[in-house]
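Residue-level structure breakdown
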Amino acid sequence: MSAQTIDGAVAGIPRRVSPLRTIARWEYRNSVRARWVLVMAGIFGVLSIVVTLLAFRTVRELGLAGIGPASATLVNLGVLLPSLMGLLLGAGSVVGAREQGVLPMMAAQPVRRSTIVTGMFAGLTASLWTTLAVGFGAALLVMSGVAKGNDVPAIVTLLAATFGVAMASVSIGVALSTASRTRAQAVAGAVGLWIMLALGVDLALAALAPSVHMGPGGLLAAVLVNPLEACRILALLGTDLRGAALGPFGAYLITTFGVAGTIAILIADLFVWTAAPLLVARWLLPRRDL
Amino acid sequence: MPEAMRLEVRNLTKVYEGGWGAHEVSFSVPAGQIMALGGPNGSGKSTVLKCVAGLVRHEGAVLVDGDLVDRAPASRAMMGYLPQVVGMPEHATIAEMIQLFADLRGADPSTIPLPAGFLRDPSTDIGTLSGGQRHRVALAIALLGDPSVLLLDEPVASLDEAGRATFWDVLRHLRDERGVTAIVSSPAPGELRGLADRGVGMEDGRITDDELFEAGLHVAPSPSVDQKSEEESA
């Protein structure tokens with residue numbers, strides 16, 4: 001029997017690539033090829049440039065200098081859009097592969113299912129970070145003409161916060177995907193969760209605040225239970241727009257823990273929001289029938 | 001001297017929300033033999049194969065060479081599994097799909113024991129392949145890394161006549177030359193007569209006939225089922 005040859009594959013010597021890297025690379029390539037990520041990168045880049053230019057015009061008309069207002073506008077863009085993208089990307093991952101039929105084929109290989117989940121998370125996070133890098137890169141190019149040396153901390157903080165919330169959102173999305181029976185169910189859950197985190201929590205707290213004395217513990221919890229709020233406060237800490245822009249929760253954190261302490265708490269919060277859902281997904285998938 | 005049992009299934013039971021997937025299924029397949037698993041659609045064939053492949057939780061035991069197969073990765077290193085429903089990303093190429101699974105198995109993709117021409121040009125996008133051609137890719141993946149146990153869920157359902165003949169030749173070669181043990185499910189197990197060493201029939205999640213190919217007991221071949229699959233995939 002003359003053997004079938006696979007010209008495009010690396011023939012001859014079996015490659016010893018870690019399964020985690022293999023799956024992460026596969027997910028990254030799939031999401032980029034699906035063009036969804038590229039389209040989002042384009043939209044994010046255009047929006048970033050538009051809000052930056054609009055903010056600059058306002059700044060110039062007021063006779064002010066600096067990139068603070070532009071950063072403030074970008075903060076909202078950097079919190080809301082990447083978190084939605086991350087949730088949707090994650091939500092389609094595990095259950096999508098199961099519906100497609102690739103997941104059972106992967107799970108039949110000598111690979112731990114927890115490794116499959118982690119590989120998917122890593123690949124999707126990398127693809128979302130690529131999207132954000134393209135979008136922010138475009139905005140930074142526009143800003144580069146007026147940005148000064150003392151603007152660098154604001155930009156770095158904004159990037160770190162946005163990349164952090166993107167990673168946490170992918171992780172939450174992957175956990176939703178692992179728990180869902182269908183892709184539609186996972187996507188609906190992701191959109192519902194995003195609306196709740198972006199709007200619902202703040203509205204609920206605003207409604208409760210007059211009648212309920214939240215106390216220090218309540219204020220801290222209000223920030224920590226919402227990764228989008230943690231990201232927003234973290235991003236604003238790098239700008240010169242702290243004050244009222246931080247809101248009551250951010251102001252409480254700064255007053256109580258100082259800037260450095262607040263930054264540490266918020267970074268730890270985003271880390272927990274990344275690690276905890278991923279651990280849930282790693283625990284759950286081996287217990288699901290495929 | 002008794003035959004060495006490569007694969008043993010003991011009291012395998014799987015309950016779905018809608019009823020029995022498999023109910024106290026027990027059988028064994030000696031090393032280097034092919035067992036046909038016959039039965040109508042929904043009889044539990046796929047469930048049994050998924051249980052053996054470790055894809056669904058179940059009661060009962062699966063043993064290979066006397067060792068309990070659990071859900072640890074090492075248990076699956078010796079198995080090649082072909083699912084009944086094959087799905088793949090449309091934008092990946094054949095070579096990329098095979099390379100992915102070769103990397104996961106630590107296998108050499110150039111040693112797949114399939115005849116030249118069985119697969120289309122490896123640079124072809126999966127999205128341009130017919131159902132039967134995609135099934136061929138999945139077959140190639142199942143054969144990666146020289147598995148000693150093959151679990152094939154309706155492996156020729158989407159293949160044309162030439163593809164079927166080629167695949168049966170490959171399976172015969174693997175058994176005779178490499179001592180591969182295989183379970184092959186089919187709604188028309190009659191087509192495995194002459195190739196399979198043994199046949200088992202299932203219905204409603206139970207084994208109803210453990211001597212399928214004995215005179216008068218075998219399930220009659222029903223080529224119309226497979227012809228329908230081929231038409232659908234085309």
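Residues numbered from 1 in each chain as written. Chains lettered and ligands numbered in written order. Predicted model: local features only at pLDDT ≥ 70, side-chain atom pairs only at ≥ 80, totals over all residues.

1. Some words on the overall build of chain B
Scanning chain B for helices and strands turns up 6 helices and 10 strands. Within chain B, contacts between residues separated by at least 24 positions form 72% of all contacts whose residues are at least 6 apart in sequence. (Helix = DSSP H or I, 4+ residues; strand = E, 2+ residues; numbered from the N terminus. Contact = placed C-beta atoms within 7 Å.)

2. Thoughts on the overall build of chain A
Along its length, chain A carries 12 helices and 0 strands. Here chain A holds 290 residues, and 46% of them are scored as buried. Sequence-distant contacts in chain A: of pairs separated by 6 or more residues, those separated by 24 or more amount to 84%. (Buried ≥ 20, exposed ≤ 12 C-beta atoms within 10 Å, placed from the backbone.)

3. Overview of the environment of Arg 183 of chain A
All names here are of chain A. With respect to the helices, strands and loops of the structure, Arg 183 is situated in helix H8 (residues 183-208). Residue Arg 183 is classed as partly exposed on the basis of its 19 C-beta neighbours within 10 Å. Placed 84 residues apart in sequence, Arg 183 and Glu 99 show a C-alpha to C-alpha distance of 7.7 Å. Apart from the residues lying within four places of it in its own chain, the contact partners of Arg 183 are Gly 92, Val 95, Gly 96 and Glu 99.

4. Comments concerning the packing of helix H3 (residues 94-105) of chain B against helix H4 (residues 131-142) of chain B
Residues and elements named next belong to chain B. Contact geometry for H3 and H4: axes closest at 9 Å, N-to-C directions at 25°. Classed by the angle they form, the pair H3 and H4 counts as roughly parallel. Along this stretch, H3 crosses H4, giving a crossing that reads as right-handed. Residue-level contacts link Ile 94, Met 97, Ile 98 and Phe 101 of H3 to Val 137, Ala 140 and Ile 141 of H4. Here the residues of the contact of H3 with H4 are counted per class, giving 7 nonpolar, no polar and no charged. (Axes fitted to C-alpha atoms, helices over the stretch in contact; angles between N-to-C directions. Parallel < 35°, antiparallel > 145°, perpendicular 65-115°, else oblique. Left-handed = near helix turned anticlockwise from the far one by under 90°. Nonpolar A, V, L, I, M, F, W, Y, C, P; charged D, E, K, R; others polar.)

5. Considerations on the confidence of the model for chain B
Low-pLDDT portions of the prediction should not be read for the details of their coordinates. Residue and element names in this part refer to chain B. Summing up the model confidence of chain B, the mean pLDDT is 84 and the portion of residues at 70 or higher is 89%. Residue range residues 215-234 is modelled with pLDDT below 50. Its contacts to residues more than four positions away, or to other chains, number 34 contacts. Two summary scores accompany this predicted model of the complex, namely pTM at 0.85 and ipTM at 0.84. (pLDDT = per-residue confidence, 0-100.)

6. Quick word on unusual backbone geometry
Residues and elements named next belong to chain B. The residue Asn 11 is not glycine, and still its phi comes out positive at about 50°. Summarising the element assignment, Asn 11 is placed in strand S1 (residues 5-16). Owing to 13 C-beta atoms within 10 Å, Asn 11 belongs among the partly exposed residues under this scheme. Even without being glycine, Glu 154 reaches a positive phi, approximately 50°. Along the chain, Glu 154 falls in the loop between strand S7 (149-153) and helix H5 (161-178). We classify Glu 154 as buried; it has 24 C-beta atoms within 10 Å.

7. Here's the deal with the interface of chain B and chain A
Accessible area lost during the coming together of the parts is what is often quoted as the interface size. The interface of chain B with chain A comprises 46 residues on the first partner and 38 residues on the second. Those elements giving two or more residues to the side of chain B that touches chain A turn out to be helix H2 (73-76), H3 and H4 of chain B. Looking at the side of chain B that touches chain A element by element, the count peaks at 10 residues for H3 of chain B.

8. A word on the packing of helix H6 (residues 113-143) of chain A against helix H7 (residues 152-179) of chain A
Helix-helix packing: each pair is described by the crossing angle between the helix axes and the interaxial distance. All names here are of chain A. Packing of H6 against H7 brings their axes to within 9 Å, and their N-to-C directions diverge by 145°. As for the relative orientation of H6 and H7, their crossing is right-handed in sense. Packed against H6, whose contacting residues are Val 117, Met 120, Phe 121, Leu 124, Thr 125, Leu 128, Trp 129, Leu 132, Phe 136 and Leu 140, the element H7 presents Ile 155, Leu 159, Thr 162, Phe 163, Ala 166, Met 167, Val 170, Ser 171, Val 174 and Thr 178 at the interface. Here the residues of the contact of H6 with H7 sort into 16 nonpolar, 4 polar and no charged.

9. Some thoughts on the pairing of strand S9 (residues 198-203) of chain B
Residue and element names in this part refer to chain B. S9 sits mainly inside the fold: 5 of its 6 residues count as buried. As judged from the 3 bridges shared by S9 and strand S10 (residues 206-209), these two strands associate in the antiparallel manner. When the bridges of S10 are listed, Gly 201 appears paired with Asp 209. Connecting the antiparallel pair S9 and S10 is a turn made up of 2 residues, with Asp 204 showing a positive phi of about 50°. (Pairing = 2+ DSSP bridges.)

10. Examining the environment of Gly 92 of chain A
Along the chain, the position of Gly 92 of chain A falls in the loop between helix H3 (68-91) and helix H4 (94-100). In this view, Gly 92 of chain A contacts Ser 177, Arg 183, Ala 186 and Val 187 of chain A; residues no more than four positions away in its chain are not counted.

11. Thoughts on the confidence of the model for chain A
Confidence in the prediction of chain A, expressed as mean pLDDT, is 82, and 80% of residues score 70 or more. Here helix H11 (residues 242-245) of chain A stands out as the element of chain A with the lowest mean pLDDT, 60, in contrast to helix H5 (residues 102-107) of chain A, whose mean of 93 is the highest.

12. Let's talk about the nonpolar core
Counting residues in each nonpolar core, the largest one holds 145 residues, and the members touching the most others are Ile 141 and Leu 151 of chain B. The element best represented in this core is H7 of chain A, accounting for 13 residues. Contact partners of Leu 151 of chain B, with chain neighbours within four places excluded, come to Leu 49, Val 52, Ala 53, Met 79, Tyr 81 and Ile 183 of chain B. (Core = buried A, V, L, I, M, F, W, Y, C linked by C-beta atoms within 7 Å.)

13. Notes on H7 of chain A
The terminal C-alpha atoms of H7 of chain A lie 41 Å apart, and with 28 residues this matches the ideal 40 Å at 1.5 Å per residue to within 8%. With 20 of 28 residues buried, H7 of chain A is to be regarded as a mostly interior element. (Expected span 1.5 Å × (residues − 1).)

14. Overview of the sheet that holds strand S8 (residues 181-186) of chain B
Two modes of strand pairing occur in sheets, parallel and antiparallel, and in both the strands are linked by backbone hydrogen bonds. All names here are of chain B. Taken in spatial order, the 6 strands of this open sheet run S6-S7-S8-S3-S9-S10, and their pairing is mixed. Looking at which strands have only one partner, the edges of the open sheet turn out to be strand S6 (79-82) and S10. Recorded for the sheet is a direction-independent mean angle of 25° between the axes of neighbouring strands. Of the strand pairs in this sheet, S7 and S8 are connected by 5 bridges, and their pairing is parallel.

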